[in-house]
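Each chain, written out:
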Amino acid sequence: MTELSVNVNKLALLRNSRGHDAPNVVEFAKKFIDLGVKGITIHPRQDERHITRQDARDLGNLIRPLAGIELNIEGYPSEEFLLLIEEVKPDQTTLVPDLPDQLTSDHGFDFHTQAEFLAPILDRLKKTGTRVSVFLDPDLEQVELAAKSQADRIELYTEEYAREFNSPKHAEVHQRYHDAAVLATKLGLELNAGHDLNLDNLAKFVTIPGILEVSIGHALIIECLEYGMPYVARQYLAICAASA
Ligand code: PXP
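Residues numbered from 1 in each chain as written. Predicted model: local features only at pLDDT ≥ 70, side-chain atom pairs only at ≥ 80, totals over all residues. Heavy atoms only, no water.

Asks: Mind showing me how you'd approach the overall build of the protein here?
Replies: Across its full length, the protein carries 11 helices and 8 strands. Rg of the C-alpha trace for the protein: 17 Å, near the compact-globule value of 18 Å for 244 residues, within the 12% margin. With 244 residues in all, the protein has 52% of them scored as buried. Of the roughly 11100 Å² that the protein leaves accessible, carbon and sulfur atoms contribute 54%. Separation between the mean location of the 24 positive side-chain charges and that of the 38 negative ones in the protein comes to 4 Å. (Helix = DSSP H or I, 4+ residues; strand = E, 2+ residues; numbered from the N terminus. Rg over C-alpha atoms; globule rule 2.2 N^0.38 Å. Buried < 20%, exposed > 50% of the residue type's maximum accessible area, 1.4 Å probe, protein only. Areas by Shrake-Rupley, 256 points an atom, 1.4 Å probe, with all protein chains shown as cover. Lys, Arg positive; Asp, Glu negative; His and termini not counted. Charge placed at Lys NZ, Arg CZ, Asp CG, Glu CD.)

Asks: Which parts of the structure should I look at to understand unusual backbone geometry?
Replies: A negative phi holds for most residues other than glycine; trans holds for most peptide bonds. The amide bond that connects A22 to the next residue, P23, takes the cis arrangement and shows omega of 0°. The topology assignment puts P23 in the loop between helix 1 (9–16) and helix 2 (25–34). Backbone geometry places E48, a non-glycine residue, at a positive phi of 55°. Inspection of the secondary structure puts E48 in the loop between strand 2 (39–42) and helix 3 (53–63). Backbone geometry places K89, a non-glycine residue, at a positive phi of 50°.

Asks: I'm lost on the site of the ligand in this one. Help?
Replies: The full set close to the ligand counts 16 residues, and S105, E155, D196, G217 and H218 are the nearest of them. Between an oxygen atom of the ligand and a side-chain N or O atom of N7, the distance comes to 3.4 Å. At 3.1 Å from an oxygen atom of the ligand is found a side-chain nitrogen or oxygen belonging to H43. Protein chains shield 95% of the accessible area of the ligand, which is 390 Å² for the free molecule. Among the residues making up the shell around the ligand, the classes are represented as 3 nonpolar, 10 polar and 3 charged. (Near = heavy atom within 4 Å. Polar contact = N/O pair within 3.5 Å; in protein donor to acceptor, adjacent residues only side chain to side chain. Nonpolar A, V, L, I, M, F, W, Y, C, P; charged D, E, K, R; others polar.)

Asks: Before we go on, may I ask you to explain helix 5 (residues 111–126) in this structure?
Replies: Helical geometry note: an α-helix holds 3.6 residues per turn, so side chains three or four residues apart project in the same direction. Helix length check: helix 5, at 16 residues, gives a terminal C-alpha distance of 18 Å against a target of 22 Å (1.5 Å per residue), a shortfall beyond 12%. Its axis deflected by about 45° at F117, helix 5 carries its strongest bend there, up to four residues before the proline P120. Those residues of helix 5 that fall on the buried side of the exposure criterion are F111, L118, I121, L122 and L125. The secondary structure elements touched by the buried residues of helix 5 are helix 4 (79–88), strand 4 (92–95), strand 5 (131–136) and helix 6 (140–147). Sitting at the head of helix 5, D110 places a side-chain oxygen 2.9 Å from the backbone nitrogen of H112. (Expected span 1.5 Å × (residues − 1). Bend = angle between axes of the 7 residues up to and from the residue. Contact = heavy atoms within 4.5 Å.)

Asks: Explanation requested: the pairing of strand 8 (residues 211–216) in the structure shown.
Replies: Walk down a regular strand and you will see the side chains alternate between the two sheet faces. Counting buried positions along strand 8 yields 5 of 6 residues, so the element is predominantly enclosed. One ladder, built from 4 bridges, connects strand 1 (residues 3–7) with strand 8; its direction is parallel. Across the sheet, V6 pairs through a bridge with I216, a residue of strand 8. As judged from the 4 bridges shared by strand 7 (residues 190–194) and strand 8, these two strands associate in the parallel manner. Following the sheet pairing, A193 is matched in strand 8 by V214. (Pairing = 2+ DSSP bridges.)

Asks: Hey, could you run me through the nonpolar core in this one?
Replies: As a rule of thumb, nonpolar side chains are buried together in soluble globular proteins. With 67 residues, the main nonpolar core has F32, V214 and L220 as its most contacted residues. No other element matches the 6 residues that helix 8 (residues 170–186) contributes to this core. The residues contacting L220, other than those within four sequence positions of it, are L4, V6, F32, V232 and Y236. (Core = buried A, V, L, I, M, F, W, Y, C linked by side-chain atoms within 4.5 Å.)

Asks: What is the right way to read the state of the cysteines from this model?
Replies: Throughout this description, disulfide means a covalent bond between two cysteine sulfur atoms. Throughout the structure, instances matching the rule amount to 0 disulfides. No disulfide involves C224; its sulfur sits 14 Å from the nearest other cysteine sulfur, which is in C240. With a relative accessible area of 1%, C240 lands in the buried category. (Disulfide = S-S within 2.5 Å.)

Asks: Looking at this model, I keep getting lost on the pattern of salt bridges. Mind explaining?
Replies: It is possible for side chains of opposite charge to pair when their charged atoms get near one another. With the rule as written, the count across this model stands at 17 salt bridges. In this structure, R53 and E80 form a salt bridge, with 3.2 Å as the shortest nitrogen-oxygen distance. With R53 in helix 3 and E80 in helix 4, this residue pair connects regions lying 27 residues apart in the sequence. Overall, R53 belongs to the partly exposed group, its relative accessible area being 24%. With its nearest N and O atoms 2.9 Å apart, the salt bridge here joins E79 to R124. (Salt bridge = Lys/Arg side-chain N within 4 Å of Asp/Glu carboxyl O.)

Next up, the structure:
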């Protein structure tokens, strides 16, 4: 079954816009957990424009004692990021090749050119006990190369899936994600997915077998504003419960 990990970056963005501690990111993470969500994701950027390093520590302290709940920290593997992971020791670390000034992640790692860069980083992270996932485009060659690395999982970058949802290209794009997922599982890689998933496009996506976790932030927070947190969390959890 697919688990939902709620990305709370946008709550931190709202908080930072006022300079006070409202909304309190830890309290809202706890509200999602109380509603049945099993994962919280954060993506601290170098400039701390939403999630801060202190948020990562505070969420680590909230989640560490909670059995069955996972903290996933995503980010570019800079020295600063690696030190934060070594300190917080999240359940999962997702490596993303985003530049400091990038608005949001927009591509996966390229193992053709970055395998050597990633190898010592994966080695170092594995020593902390965190599960390591690498953000990847749904590309069969990339999946094959990722399977040769020390990564435990890949996170399929789903922007194209979401963009083409219900378009004439949808079937072809869906098949590409399906094939990448099947190959990953065959090669022993576990699977996550994320980016631009929402209440409309998620149910179809999780018919793809083997998706263990989807991390969802932007759309989910907008949907919470429109319909309320309890309703939105329950809708996502029902879709995940019916997954392949
Ligand atoms: N996965 C990664 C690697 C991301 O960078 C993000 C955005 O922070 C997401 C998933 C979640 O995307 P969205 O906010 O569109 O749900």
